[in-house]
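# Residue-level structural notes
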Amino acid sequence: MKKVTKAIFPVAGLGTRFLPATKSIPKEIMTLVDRPLIQYAIDEARAAGIKEFIFVTARGKSALEDYFDIAPELENTLRKKGKTELLQTLKSTNMDSGEIAYIRQNKAMGLGHAVWCARRLMGNEPFAVILPDDVIAAEKPCLQQMMEAHAEIGGNMVAAMEVPKEKTSSYGVLGVQQDMGSVVSVNDMVEKPAVEDAPSNLAVIGRYILTPNVMRNLNKAKSGSGGEVQLTDAIAQEIGASGDVYGFRFRGQRYDCGSKAGFLQATVAFGLAREDLRDEFSDFIDSMVAAKTAAQ
Ligand code: G1P
């Protein structure tokens, strides 16, 4: 099986849930503590062995390109001031020339369409897809866990997580054929089903390892749920066809940073996880909770 070294990052979304902030900044640049969302996705991909990073962007996303470029003035200033640690932090965000590519999605036609926009760069190779809105805190990064499982069983693999039944209509949902613990084989996959039609409460989370066949399916894709071209549908076509489809229950905590509540939860969790902030921040949270309890 060919090693997976390419990852697609669909980042063309308008981020309307975060207006007015996203009027002038891409939502992927919004920061959790001091790092933009996209940095977490890139770090996770690198840890999993990804060497080529393909961004599917849109108008108004140029801040993302600048973020991964070198910043000579800033680097010089930090060097002159002897701020070595900050300089290292800054440099760790630079991408080598040729390591990163940007493709434009001209029209917002759905996640499947966004992935398909990168088809010419993928060749006939398996590839990963990371949705940066889904931030996953884990001892071993989620995509790395998946790569290890994928190296054993192959096929198509999606990250999966149990969600409350009434939330299934917000996700791609898996039908479980055989439950092997962390890996499940899948016999159905439905994008945003009505709650009563959901085949289970095992939801797809934004990490995928896919075969080139899925890209071929996207060539012929028709619009699905919400009138958009769905990645879920292109993967579902592989069920029982040439490749298998697996769900992978990752070990870690997922935050839905595409929603305000999820973003705030991630901010608190990542703030508390930081040694340099933990004490001051947890004192503050304790005092907020105490004040709220006293007021009740
Ligand atoms: C996308 C996918 C969906 C998946 C979800 C995970 O939906 O289409 O299958 O469950 O990400 O976050 P979105 O949240 O972009 O509407």
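Please refer to the structure placed before this passage.
In this report, we go over the structure that sits alongside the text. (Residues numbered from 1 in each chain as written. Predicted model: local features only at pLDDT ≥ 70, side-chain atom pairs only at ≥ 80, totals over all residues. Heavy atoms only, no water.)

### Notes on the overall build of the chain
Note the threshold: Helix numbering and strand numbering both begin at the N terminus, where a helix is a DSSP run of H or I of at least 4 residues and a strand a DSSP run of E of at least 2. We compute the radius of gyration over the C-alpha atoms and compare it with the globule rule, which gives 2.2 Å times the number of residues raised to the power 0.38. Throughout, exposure labels follow a simple rule: accessible area from a 1.4 Å probe, protein chains only, divided by the maximum for the residue type, with under 20% read as buried, over 50% as exposed, and the rest as partly exposed. Contacts were defined at the residue level, with two residues in contact if any of their heavy atoms lie within 4.5 Å. Computed with the Shrake-Rupley method and a 1.4 Å probe, the accessible areas treat only the protein chains shown as cover for residues. Only four residue types enter the tally: Lys and Arg on the positive side, Asp and Glu on the negative side, with His and both chain ends excluded. Positions of charges follow a simple convention, taking NZ of Lys, CZ of Arg, CG of Asp or CD of Glu.
Helix and strand counts for the chain come out as eleven helices and 13 strands. Compactness check: the chain gives a C-alpha radius of gyration of 20 Å against a globular reference of 19 Å for 296 residues, within 12% of the reference. In terms of overall dimensions, the chain has a C-alpha envelope of 60 × 55 × 35 Å along the principal axes. Here the chain holds 296 residues, and the buried ones make up 46% of them. Residue pairs at least 24 apart in sequence account for 76% of intrachain contacts in the chain once pairs closer than 6 positions are excluded. Entry remark: accessible area of the chain is about 15,200 Å², with carbon and sulfur atoms responsible for 52%. Across the chain, the centroid of the 35 positively charged side chains sits 6 Å from that of the 37 negatively charged ones.

### Examining the site of the ligand
Keep this limit in mind: The nearness test applies per residue and asks whether one of its heavy atoms lies within 4 Å of the molecule or strand. Whenever two N or O atoms come within 3.5 Å, that pair is a polar contact, provided that in protein one can donate a hydrogen and the other can accept it, and provided that, for residues adjacent in sequence, both atoms are side-chain atoms. Lys, Arg, Asp and Glu make up the charged group, whereas Ala, Val, Leu, Ile, Met, Phe, Trp, Tyr, Cys and Pro make up the nonpolar group; the residues left over, Gly among them, are polar.
If you check the shell around the ligand, you find Leu 111, Leu 131, Asp 134, Tyr 171, Gly 172, Glu 191, Lys 192, Val 204, Tyr 208, Gln 230, Thr 232 and Arg 254 and nothing else. A distance of 2.7 Å is found between an oxygen atom of the ligand and a side-chain nitrogen or oxygen belonging to Lys 192. Separating an oxygen atom of the ligand from a backbone N or O atom of Val 204 is a distance of 2.6 Å. Isolated, the ligand exposes 380 Å² of accessible area, and the fraction of that covered by the protein chains is 75%. Residues of the shell around the ligand, tallied by class, amount to five nonpolar, three polar and four charged.

### Things to note about the packing of helix α10 (residues 260-272) against helix α11 (residues 275-295)
What counts here: Structural elements are reduced to axes, namely lines fitted to C-alpha atoms, with helices fitted over the stretch in contact, and the angle between N-to-C directions of any two is expressed from 0 to 180 degrees. Small angles under 35 degrees read as roughly parallel and large ones over 145 as roughly antiparallel, with 65 to 115 read as roughly perpendicular and the rest as oblique.
Two elements in contact, α10 and α11, have axes whose closest approach is 8 Å; the angle formed by their N-to-C orientations is 130°. Here α10 is positioned oblique relative to α11, judged by the angle of their axes. Here α10 contributes Thr 267, Val 268, Gly 271 and Leu 272 to the contact with α11, which in turn contributes Leu 277, Arg 278, Phe 281, Ser 282 and Ile 285. Taken together, the residues that form the contact of α10 with α11 break down as five nonpolar, three polar and one charged.

### A closer look at the environment of Lys 51
For Lys 51, the position within the fold is in the loop between α1 (37-47) and β4 (52-57). Under the relative-accessibility criterion, Lys 51 is labelled exposed at 53%. Along the sequence, Lys 51 and Asp 188 sit 137 residues apart, while their C-alpha atoms lie 32 Å from each other. Residue contacts for Lys 51: discarding those within four places in its chain leaves Thr 5 and Glu 99.

### Some words on the state of the cysteines
Rule in force here: The term disulfide is used for any two cysteine sulfur atoms that are within 2.5 Å.
Counted by the stated rule, this structure contains zero disulfides. Cys 142 supplies the cysteine sulfur nearest to Cys 257, a cysteine that is in no disulfide, at a spacing of 14 Å. For Cys 257, a relative accessible area of 0% corresponds to the buried category.

### Considering a nonpolar patch on the surface
Applicable threshold: Only residues whose relative accessible area exceeds 30% and that form no salt bridge are eligible for patches; like-charged ones are grouped when within 9 Å, while nonpolar side chains (Val, Leu, Ile, Met, Phe, Trp, Tyr) are grouped when within 5 Å. By convention in these notes, a salt bridge is any Lys or Arg side-chain nitrogen within 4 Å of a carboxyl oxygen on Asp or Glu.
A contiguous nonpolar patch, built from Phe 284, Met 288 and Val 289 and spanning about 300 Å² of accessible area, is present on the exposed surface. With respect to the secondary-structure elements, Phe 284 resides in helix α11. Looking at Phe 284, the relative accessible area reads 45%, which means it is partly exposed.

### Structural notes on the nonpolar core
This is how it is decided: Side-chain atoms within 4.5 Å link the members of a nonpolar core, which is a set of buried Ala, Val, Leu, Ile, Met, Phe, Trp, Tyr and Cys residues.
Counting residues in each nonpolar core, the largest one holds 38 residues, and the members touching the most others are Phe 9, Ile 38, Ile 50, Phe 53, Phe 55 and Leu 143. The element that contributes the greatest number of residues to this core is helix α7 (residues 142-153), accounting for five residues. When residues no more than four places from it in sequence are discounted, the contact partners of Ile 38 are Phe 9, Val 11, Glu 28, Phe 55, Leu 64, Tyr 67, Phe 68 and Pro 132. Residues Ile 54, Val 56, Ala 234 and Val 245 belong to the second largest nonpolar core, which totals 29 residues.

Shape is all these values report; function is a separate question.
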